[in-house]
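Residues per chain are reported as follows:
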Amino acid sequence: MSFCAVFLRLRRGALLAALCWLGMAASSAQAGVQVDALRMEPQEGAGVLGVLRHAAVLAASRVAQVEMPPWDAAKAELLQTDGARQIGVGRPLASLQTPDQTRNLLAWNRLPNGGRAAALQWAPDGAYGLRLGVVFTALPEAAVFRMYASPQAAASYEVTGAALLERLPLDPATGVRTWWTPDLGPTPVLEILLPATVNDAQLALAVPWVSQVVVPPAPLAQAQADPAKRLSNSCQQDVNCQAALLDQRDAVIRMVFVNGTNTYQCTGTLVNNPQQDQTPYVLTAAHCARDQATASTLQTMWFYYSQTCNSESLADSHTERYGGARWLATSFANDMTLLRLNDAPPPGALFAGWDASAVPLGAAAAGLHHPHGDLLMITKGRIQELASCYIDYTVARPPLSCAPQAVSDGGFYRLAVDSGGIEGGSSGSALFVDGRVVGTLTGGENWCPAKGVVYGRLDQAVAGSFSPWLGTLTALDSSMAAPVYRFHIPRSGADFYTISAQERDAVMAQLPDALHYTGIAFYASVQQRPRMLPVYRYFNPEVVAHFYTTSEAERQFVQQYHPGWYDEGIVWWVPAQGGDGAVPVYRSYQYSTGAHHYAADLAQRDAWLGNPDLLYDGLAYYVWAAP
């Protein structure tokens, strides 16, 4: 993240306002592709949205308590334990079924910056965690939502209305968006902050459902149980009690998500791609997640393994991310789904290598998984045969049905298990051959050791549904585009642009009065691709405005004649020419303020031509008008 670009900086986990700007201080996939693993390195500013902010303090002066009716703990006995492991049950909230009920409960207080804040707290009986099903019928982009474990918590998860609008799918039948908040504990607080520019009519929300976690996390459950019965399946093997795949364990993720109103747990794996660009792609099973509604609820646990062999303590490096994911594709023929996380993985995470070749029969293989929500376990065996399996996704608990005989072109590997087992929660976990992912777990019999275990084939999924993301570099097209966001700066009359959702949300949360968010301006690429040009950004502290250019000659001019401008480097990439949906962005210079203005709208360009205070600069560069 640049020094003055968005006037914020991430340093040791805290966002610090930068004063300089205010003048207060001076082709298609091919089968057989192999991709090596890549270790995640620390990145300044990465993952801002997905982690807890330790600098956040509850701004609301009063926290209203939400009435929770008594809970029938016997309902926990109805939980599904196989496949995607159910750990939570949906509960309706009669007191917050409508926006009017919620509005009546909110107690707003005025903030020093003119904005307002209100907070609600839930405290259900018998809960190990709680996720709120917040339904928006009207959601202002400038709103900020914070989740705290309690009113006294020293950290919060923070997200803006703009991020939620971007991530949450719109229900076409009802016209609403539903946000399942992250699980921070059994007594969460939801705080809502509105800037002075937003009125009550622009926000309408209800919380008709919560999803209550009714089983304890694995380490807590183990501590409460007889140590001799630490594992529900006695043949499970702690990954830290052997030497295989110790690097690959840092790619495996314990996944928690909401489907309908119930909470489930599966296993996923962070995988690399041929571009080696640290895009956070995650493989899991289709019966765990196969649409955007589910992907948006994803909460991930990293380094969820024992401190030492057979220890009941989590590794000290354990951490979580709360920002959900983007659903990319599902290969139903292989029961596999590919997701892209909205947040950067933690430093030290491994982008696992993978092999899109067909695995020979008899090859040694091993799976890394979280059975029954436990710490990371390993199952070892060999590829026995190719199998043909069918999953009925139309039912709530899709059964697995596999033909008893081998099939030459089957979409699954049948694994003959030598040691270890599988259980509910293992679903979606990766199968490794020679250290590379070759498939994901669909299911099998929970014997000890496991029998009849089948994994979806990655080679078939990469050659088909996953080819745009895990295949070799494809021709440039607008599907590679990401939104570029625009803010208006009243002080200078200029606009600020960023392709970073982290920058966007940081500015909206920290400087709502100084910069006014106006939405998506156009689309560009976050990384270099063929036939693309870099866009460089400079900050002029005297004018309080930014300058954007693709021209090397203009860069040299700025460096020679404006050395006081901050060079913020490449901010995004754009098409080198028009076509394939690419449209021109025009630029003008304002004499009275010294600021440059940018627009892809022809009517605005024509208005510039008739304004004597503006010098029309012509074409700045090309962008995509739509993704």
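Presented here is a report on the structure given in the accompanying data block. (Residues numbered from 1 in each chain as written. Predicted model: local features only at pLDDT ≥ 70, side-chain atom pairs only at ≥ 80, totals over all residues. Heavy atoms only, no water.)

1. Focus: the pairing of strand β19 (residues 299-302)
Burial of β19 is two-sided: the residues Q299 and M301 facing one way and the residues T300 and W302 facing the other way are all buried. For strand β16 (residues 252-259) and β19, the ladder comprises four bridges, and the chain directions are antiparallel. Bridge pairing in β19 links M255 to T300. Both β19 and strand β20 (residues 319-321) contribute to a ladder of three bridges, which runs antiparallel. Directly across from M301, in β20, lies its bridge partner E320. (Buried < 20%, exposed > 50% of the residue type's maximum accessible area, 1.4 Å probe, protein only. Helix = DSSP H or I, 4+ residues; strand = E, 2+ residues; numbered from the N terminus. Pairing = 2+ DSSP bridges.)

2. Remarks on unusual backbone geometry
Notably, L245 is not glycine yet its phi reads approximately 60°, a positive angle. Structurally, L245 is set in the loop between β15 (237-238) and β16. Unlike most non-glycine residues, F303 shows phi in positive territory, near 55°. Position of F303 relative to the elements: it lies in the loop between β19 and β20. With a relative accessible area of 6%, F303 lands in the buried category.

3. Remarks on the pattern of salt bridges
Evaluation of the coordinates by the stated rule reveals 18 salt bridges. The partner of D250 in a salt bridge is R39, and the shortest N-O contact between them spans 2.8 Å. Of the two residues, D250 sits in the loop between β15 and β16 while R39 sits in strand β4 (residues 38-39), which places them 211 residues apart along the sequence. The exposure class of D250 is buried, given its relative accessible area of 9%. By relative accessible area, R39 is classed as partly exposed at 27%. One connected set of salt bridges, linked through shared partners, spans R39, D247 and D250. (Salt bridge = Lys/Arg side-chain N within 4 Å of Asp/Glu carboxyl O.)

4. Quick word on the pairing of strand β29 (residues 412-419)
Taken across its eight residues, β29 has seven buried, putting it largely inside the fold. Pairing between β29 and strand β32 (residues 451-457): four bridges, direction antiparallel. Bridged to Y413 within β32 is Y455.

5. Side note on the nonpolar core
Core analysis: the largest hydrophobic core is formed by 52 residues, its most contacted members being L283, W354, L368, V437, L458, F466 and L470. Apart from the residues lying within four places of it in its own chain, the contact partners of W354 are V33, Q34, V35, V271, N272, N273, P274, R436, V437, L458, V462 and L470. (Core = buried A, V, L, I, M, F, W, Y, C linked by side-chain atoms within 4.5 Å. Contact = heavy atoms within 4.5 Å.)

6. Things to note about the side chain of R587
Take R587: it is sitting in strand β39 (residues 582-590). Among the polar contacts made by the side chain of R587, one reaches the side chain of E554 at a distance of 2.5 Å. (Polar contact = N/O pair within 3.5 Å; in protein donor to acceptor, adjacent residues only side chain to side chain.)

7. Thoughts on the sheet that holds strand β36 (residues 532-540)
The sheet built from three strands is open, its strands ordered β37-β36-β38 with antiparallel pairing. This sheet does not close on itself; its edge strands, each paired only once, are β37 (545-549) and β38 (566-575). When the angles between neighbouring strand axes are averaged without regard to direction, this sheet yields 25°. In the sheet, β36 pairs with β37 via five bridges, with the strands oriented antiparallel. The residue of β37 that forms the bridge with R537 is Y548. (Axes fitted to C-alpha atoms, helices over the stretch in contact; angles between N-to-C directions.)

8. Quick look at the state of the cysteines
For the structure on display, the rule yields three disulfides. What pairs with C389 in a disulfide is C402, and their sulfur atoms sit 2.0 Å apart. Because the torsion about its S-S bond is 105°, the bridge between C389 and C402 counts as right-handed. Pair noted here: C389 is in strand β27 (residues 389-391) and C402 is in strand β28 (residues 400-402), with a separation of 13 residues, a long-range link. On the basis of relative accessibility, which here comes to 26%, the residue C402 falls in the partly exposed class. (Disulfide = S-S within 2.5 Å.)

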